[in-house]
Amino acid sequence: MVCDRVSAVVEALDGKRRSPPPLWLMRQAGRYLPEYRKVRAQTRNFLEFCYSPDLAAEVTLQPIARYDLDAAIIFSDILVVCDAVGIPVWFVEGEGPRLEPIRSVEGLRSLSAEGIVDRLEPVYRAIASVRQSLDASKALIGFAGAPWTLAAYATEGRTSRDFEVARTWAWSDPHGFGRLIRLLSEAIVRHLVAQFHAGADAVQLFDSWAGVLAPDQFARWVVEPTRDIVARVRAEVPDARIIGFPRGAGGKYIGYAQETGVTAVGLDTAVDPAWAAREIPAEIVLQGNLDPLAVVAGGRAMTEQVSRILAAYRSRPFVFNLGHGVVPATPPDHVAELVRFVRDQGKSA
Ligand code: CP3
């Protein structure tokens, strides 16, 4: 029976403090799970997998079935937006993504945000299908890459330690680089709104490479576009819950939380929980931030960190998560132990 219970993640994002806190994990569906590897083996390439609504819906639900997590995150990838605006994307097994790089304003001519919602229809079908089979007590989270992180991949053509191509372009031709950022922002707004319409309860904006930017570039290419996206999404979906994840922002998390209008900030592994709880404005919900490698280690190393995190965020609305995605080497049993521990500890906190 479908009931009208509100999910714990939605309650937390709406500002309610809960003990134990609700939890979900970035990259909770992925190669560390044998049931994921089995489904993944059915398609030759990763993007094709992302564009298969039935398979995407199936793997989205796997970690919920196994661990009873409080939210599902739709299985997709941030780079589908690049693909859908006309930047060819492919994945090289064992190495990661490759894109046909855009390195000048001339390269922007063939790109367009216009058809994105048609092209990404399989993602919305997967969302609608997951929402139908997911219990009302569980939230469904949609997502997109933030413009800076997508531009970083689109200019570099692959992953990089410090995205020198993008940063150099951004310093030497901010006007031209700004056009790429605006085109991506337009596509991201449309993609996020369509995910809400398909049934997402909240969305996360992954700015995975925010941490490589100097303060002026962070303000211009992370904070400004994020604020613009948040405002434009809310113009269509007024109560849109948006989690911002500017990974590596350090002290700039505070300005990001104050200036972008996001509902919540996802804190990365390097952030001190006590600092975040003290310094980030109280109206912003916090999410994070256990080191994914502490889950690989498991045992005391993991549970001691969880206890510290729970204690630090006890007085604020909080969603437990990792500081970055689950890594492939993670023993699935350690995730089960993590979920048990958060729920037991949280009760007594
Ligand atoms: O969190 C989830 O469970 C939802 C699914 C999800 C994936 N990627 C699936 C995926 C999400 C939210 C992402 C986001 C994503 N993708 C980010 C932002 C988060 C972060 O990690 O900082 C980034 C930077 C990407 C780009 C990307 N996609 C890379 C660099 C790679 C290769 C890395 C690798 O492990 O091979 C991917 C591929 C990818 N996306 C995989 C998964 C499960 C592994 C591919 C496979 O199964 O073969």
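What counts, and at which threshold
- Residues numbered from 1 in each chain as written.
- Predicted model: local features only at pLDDT ≥ 70, side-chain atom pairs only at ≥ 80, totals over all residues.
- Heavy atoms only, no water.
- Helix = DSSP H or I, 4+ residues; strand = E, 2+ residues; numbered from the N terminus.
- Rg over C-alpha atoms; globule rule 2.2 N^0.38 Å.
- Buried < 20%, exposed > 50% of the residue type's maximum accessible area, 1.4 Å probe, protein only.
- Contact = heavy atoms within 4.5 Å.
- Areas by Shrake-Rupley, 256 points an atom, 1.4 Å probe, with all protein chains shown as cover.
- 1 Å grid on protein atoms, 1.4 Å probe; cavity = no way out; pocket = protein on both sides within 12 Å on 5 of 7 lines; lining within 4 Å.
- Points joined across faces, edges and corners; volume = space filled by probe spheres on them.
- Nonpolar A, V, L, I, M, F, W, Y, C, P; charged D, E, K, R; others polar.
- Core = buried A, V, L, I, M, F, W, Y, C linked by side-chain atoms within 4.5 Å.
- Polar contact = N/O pair within 3.5 Å; in protein donor to acceptor, adjacent residues only side chain to side chain.
- Near = heavy atom within 4 Å.
- Sits in = over half its atoms within 2 Å of the grid points.
- Disulfide = S-S within 2.5 Å.

Trainee: I'd like to hear about the overall build of the protein, residue by residue, with values.
Mentor: Regarding its fold elements, the protein presents 16 helices and 9 strands. Relative to the compact-globule value of 20 Å for 349 residues, the protein shows a C-alpha radius of gyration of 19 Å, a close match. Projecting the C-alpha coordinates of the protein onto the three principal axes gives extents of approximately 60 × 45 × 40 Å. The buried share of the protein, taken over its 349 residues, is 57%. Counting only contacts in the protein whose residues sit at least 6 apart along the sequence, the fraction spanning at least 24 positions is 73%. Accessible surface for the protein amounts to roughly 14,400 Å². Of this, 49% is attributable to carbon and sulfur atoms.

Trainee: How would you summarise the layout of surface pockets if you had to cite specific residues and measurements?
Mentor: Considered as a void within the structure, the largest pocket measures approximately 1,200 Å³ in volume. Taken together, the elements giving at least two residues each to the lining of the largest pocket come down to helix H2 (34-40), helix H4 (53-67), strand E2 (89-92) and strand E3 (96-99). For the lining of the largest pocket, the residue count by class is 21 nonpolar, 10 polar and 7 charged. Estimated volume of the second largest pocket: approximately 200 Å³. Of all the secondary structure elements, the ones that give two or more residues to the lining of the second largest pocket are helix H10 (174-198) and helix H11 (215-236).

Trainee: Explain the nonpolar core to me, and be specific about the residues and the numbers.
Mentor: Core analysis: the biggest nonpolar cluster contains 132 residues, and Trp 148, Phe 177, Val 265, Leu 290, Phe 320 and Leu 338 have the highest contact counts within it. Examining the composition of this core, we find that 13 residues originate from one element, H10, more than from any other. The residues contacting Val 265, other than those within four sequence positions of it, are Ile 243, Gly 244, Tyr 253, Tyr 256, Ala 257, Ile 280, Ile 284, Val 285, Leu 286 and Gln 287.

Trainee: For the side chain of Thr 330, give the residues involved together with the corresponding values.
Mentor: As for its placement among the helices and strands, Thr 330 is situated in the loop between strand E9 (318-322) and helix H16 (332-348). Reaching out from Thr 330, the side chain makes a polar contact with the backbone oxygen of Val 327 at a distance of 2.6 Å. Once residues lying within four places of it in the same chain are set aside, the contact partners of Thr 330 are Tyr 32, Val 295, Val 296 and Val 335.

Trainee: An account of the site of the ligand is needed here, citing residue identities and associated values.
Mentor: Surrounding the ligand, one finds 22 residues, the nearest of these being Arg 27, Arg 31, Tyr 36, Asp 77 and Ser 208. Between the ligand and Gln 28 there is a distance of 3.2 Å, counted from an oxygen atom to a backbone nitrogen or oxygen. At a separation of 2.6 Å, a nitrogen atom of the ligand approaches a polar side-chain atom of Asp 77. Taken by itself the ligand offers 870 Å² of open surface, and the protein chains cover 89% of this. Cavity membership is defined here by more than half of the atoms lying within 2 Å of grid points; on that basis the ligand lies in the largest pocket. Listed by contribution, the elements that provide at least two residues to the shell around the ligand are H2 and E3. Partitioned by chemical class, the residues of the shell around the ligand number 13 nonpolar, 5 polar and 4 charged.

Trainee: Outline the state of the cysteines, listing residues and values.
Mentor: Following the criterion strictly, the structure yields 0 disulfides and no others. Here Cys 50 is not cross-linked by a disulfide; its sulfur's nearest cysteine counterpart is in Cys 82, at 13 Å. Relative accessible area serves as the criterion here: at 1%, Cys 50 is assigned to the buried category.

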